[in-house]
Amino acid sequence: MKRTEIKLADGRELIYFDEHPDAVRDEPDRRDLPPPPPASQLRYDPLVDEWVAVAAHRQGRIFLPPSDQCPLCPSTPERSSEIPAYDYDVVVFENRFPSFSDRPGDLPGEITPYTPVRPGTGRCEVVCFTADHSASFGTLPPERVRTVLDALADRTGALGELPGVEQVFCFENRGVEIGVTLHHPHGQIYAYPFLPPRTRAMLAAARRHAERTGGRNLYADVFAAERAAGERVVLANDHWTAYVPAAARWPFEVHLAPHRPVPDIPALDDAERDAFGPIYLELLRRLDRLFDRPLPYISAWHQAPVRVDRELGHLHLQVFSIRRAADKLKYLAGSESAMGVFINDIAPERAAQLIRDAG
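Residues numbered from 1 in each chain as written. Predicted model: local features only at pLDDT ≥ 70, side-chain atom pairs only at ≥ 80, totals over all residues. Heavy atoms only, no water.

Quick question: what am I supposed to make of the overall build of the chain here?
Helix and strand counts for the chain come out as six helices and 16 strands. On C-alpha atoms alone, the chain measures out to a radius of gyration of 21 Å, which is about the 21 Å that the 2.2 N^0.38 rule sets for 359 residues. For the chain, with 359 residues in total, the buried portion stands at 52%. Of the roughly 16,600 Å² that the chain leaves accessible, carbon and sulfur atoms contribute 53%. (Helix = DSSP H or I, 4+ residues; strand = E, 2+ residues; numbered from the N terminus. Rg over C-alpha atoms; globule rule 2.2 N^0.38 Å. Buried < 20%, exposed > 50% of the residue type's maximum accessible area, 1.4 Å probe, protein only. Areas by Shrake-Rupley, 256 points an atom, 1.4 Å probe, with all protein chains shown as cover.)

Shown next as structure tokens:
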């Protein structure tokens, strides 16, 4: 894989990850762009001990443009996009409308004595999986999945070294039902300046388990129990197993985890990286077969924090959908949105059987 860094017209960084070592990336960004926006504000919510990002500049971001105006397609002689090249394999670049960035901005004075405010420092990047606008992750060849995984490993390592970054989160949103605003197949990477609520909850549970069991890893133990039970396992190979969690929150939710406990994507070895593509692609194909249509999903990599409690983590990919039937979506209504109590309409064992049958 060849890695080439360039600067876009407004100073943002873009990195080409090419599968051919002779690729030449000297196309300039021909656009006249305004400076990138300043960092968002982080406002502390004392009632739940959480930070909320206020990023008003994101209100003007591009929303479902027609295909001939897609900012993630390669540039052409007639039109310049976010990617100056006329073709590419995998590209990562700084988001033009970031939720977190390292560009300072003005902060308000004290809001209340209980609501401190600080800059939303960090980084947000876009990952383009392919130059083909009509493709999807599930249609990529395994070799391209390996390139994407290597790019995520590269960015996880680099972003984890930025001052103040506490966790690196790689994810893909697919489908307008899930909230996608650009159809081109792509993912995102968030470098958070704090530990997100779900990570904090998982670490707290893992820490209690380690204290009770003499240092055992909670996810590793749950994962081993699921593999031993087998009822909710949907796919497996020599290095990875995909299963529906026994307490799945979503109608269709699958965890895909490496058999060897590792904290993050950079820690995966070559054999594990090569084995990931075939099993993940088969999982995505089966999910699309459930209702004979592209399934909207969120694919979220859970990695260990950058600086603390790394021994408590266990890398895994969580893939879930809000579709519960061919003509029905699961909306986060009162119990889920207001109280955080999920009510699943499909038994996890039934969901696992449907995914197995889709093979």
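What is the right way to look at the packing of aromatic side chains in this model?
What describes a pair of aromatic rings is the distance from one ring centre to the other and the angle between the planes of the rings. In this structure the tally under the stated criterion is 20 aromatic pairs. Their ring planes at 80° and their centres at 5.8 Å tell us that Phe252 and Phe291 sit as a pair that is edge-to-face. Linking Phe252 in strand β12 (residues 252–258) with Phe291 in the loop between α4 (270–289) and β13 (297–302), this pair joins segments that are 39 residues apart in sequence. In this structure, Phe252 and Phe291 share a single accessibility class: buried. Each member of the aromatic cluster is reached from another via a ring pair, and the members are Phe100, Phe169, Phe171, Tyr190, Tyr192 and Phe194. Note that Arg227 overlies the ring of Phe223, its terminal NZ or CZ placed 5.6 Å from the centroid. Sitting over the face of the ring of Phe342, Arg249 holds its NZ or CZ atom 5.8 Å from the ring centroid. (Phe/Tyr/Trp six-rings, centres within 6.5 Å; stacked < 30°, edge-to-face > 60°. Lys NZ or Arg CZ within 6 Å of the ring centre and 35° of its normal.)

Whenever I open this one, the sheet that holds strand β4 (residues 50–54) confuses me. Can you help?
Picture the strands of a sheet paired through backbone hydrogen bonds; they go either parallel or antiparallel. Pairing within the open sheet is antiparallel, and its three strands lie in the order β4-β3-β6. In this open sheet, the two edge strands, each paired with only one partner strand, are β4 and β6 (117–120). The sheet shows a mean angle of 35° between the axes of neighbouring strands, taken without regard to direction. With four bridges joining them, strand β3 (residues 40–45) and β6 adopt antiparallel strand pairing. Looking at β6, one finds that Ser40 is bridged to Gly120. (Pairing = 2+ DSSP bridges. Axes fitted to C-alpha atoms, helices over the stretch in contact; angles between N-to-C directions.)

Is there a simple way to explain the sheet that holds strand β5 (residues 90–94) in this structure?
Here 11 strands make up an open sheet; going across it, the order is β1-β2-β5-β7-β9-β8-β13-β14-β12-β11-β10 and the pairing antiparallel. The sheet is open, and its two edges are formed by β1 (2–7) and β10 (233–236), each paired on a single side. This sheet shows a mean twist of 20° between the axes of neighbouring strands, independent of strand direction. On the sheet, α4 packs against β8 (167–174), β10, β11 (240–243), β12, β13 and β14 (316–321) and is oriented at approximately 140° with respect to β10. (Contact = heavy atoms within 4.5 Å.)

Could you clarify how one ought to interpret a nonpolar patch on the surface in this entry?
There is a patch of nonpolar side chains on the surface, built from Phe63, Leu64 and Val176 and spanning about 280 Å² of accessible area. Counting through the fold element by element, Leu64 comes out in the loop between β4 and β5. (Patch = residues over 30% accessible without salt bridge, like charges linked within 9 Å, V, L, I, M, F, W, Y side chains within 5 Å. Salt bridge = Lys/Arg side-chain N within 4 Å of Asp/Glu carboxyl O.)

Sorry if this is basic, but what is going on with the pattern of salt bridges here?
Oppositely charged side chains can form a pair if their charged atoms are brought close together. Within the structure shown, the criterion is met by 36 salt bridges. A salt bridge links Arg155 to Asp154, with the nearest nitrogen and oxygen atoms 3.3 Å apart. Residue class for Arg155 comes out buried when judged on its relative accessible area of 3%. Where Glu226 meets Arg232, a salt bridge forms, and the shortest distance between an N and an O atom there is 3.1 Å. Judged by its relative accessible area of 11%, Arg232 is buried. Linked by salt bridges that have partners in common, Arg3, Glu5, Glu13, Glu94, Arg103, Arg123, Glu125, Asp154 and Arg155 make up one network.

I'm lost on the nonpolar core in this one. Help?
Taken as a class, soluble globular proteins show a tendency for nonpolar side chains to be buried jointly. With 53 residues, the main nonpolar core has Phe137, Tyr280 and Trp301 as its most contacted residues. At eight residues, the largest contribution of residues to this core is made by α4. Not counting chain neighbours up to four residues away, the residues in contact with Trp301 comprise Leu149, Leu152, Phe169, Cys170, Trp240, Ile265, Phe276, Leu315, His316 and Leu317. (Core = buried A, V, L, I, M, F, W, Y, C linked by side-chain atoms within 4.5 Å.)

Would you mind going over the pairing of β8 with me for this structure?
Look at any regular strand and the pattern is simple: side chains alternate between the two faces of the sheet. Burial runs high along β8: seven of the eight residues are buried. Examined bridge by bridge, β8 and strand β9 (residues 186–192) share five bridges and lie antiparallel to one another. Bridge pairing in β9 links Phe171 to Gln188. Pairing geometry for β8 and β13, over four bridges, is antiparallel. The residue bridging Arg174 from the neighbouring strand is Tyr297, located in β13.

In short, geometric facts, not functional conclusions.
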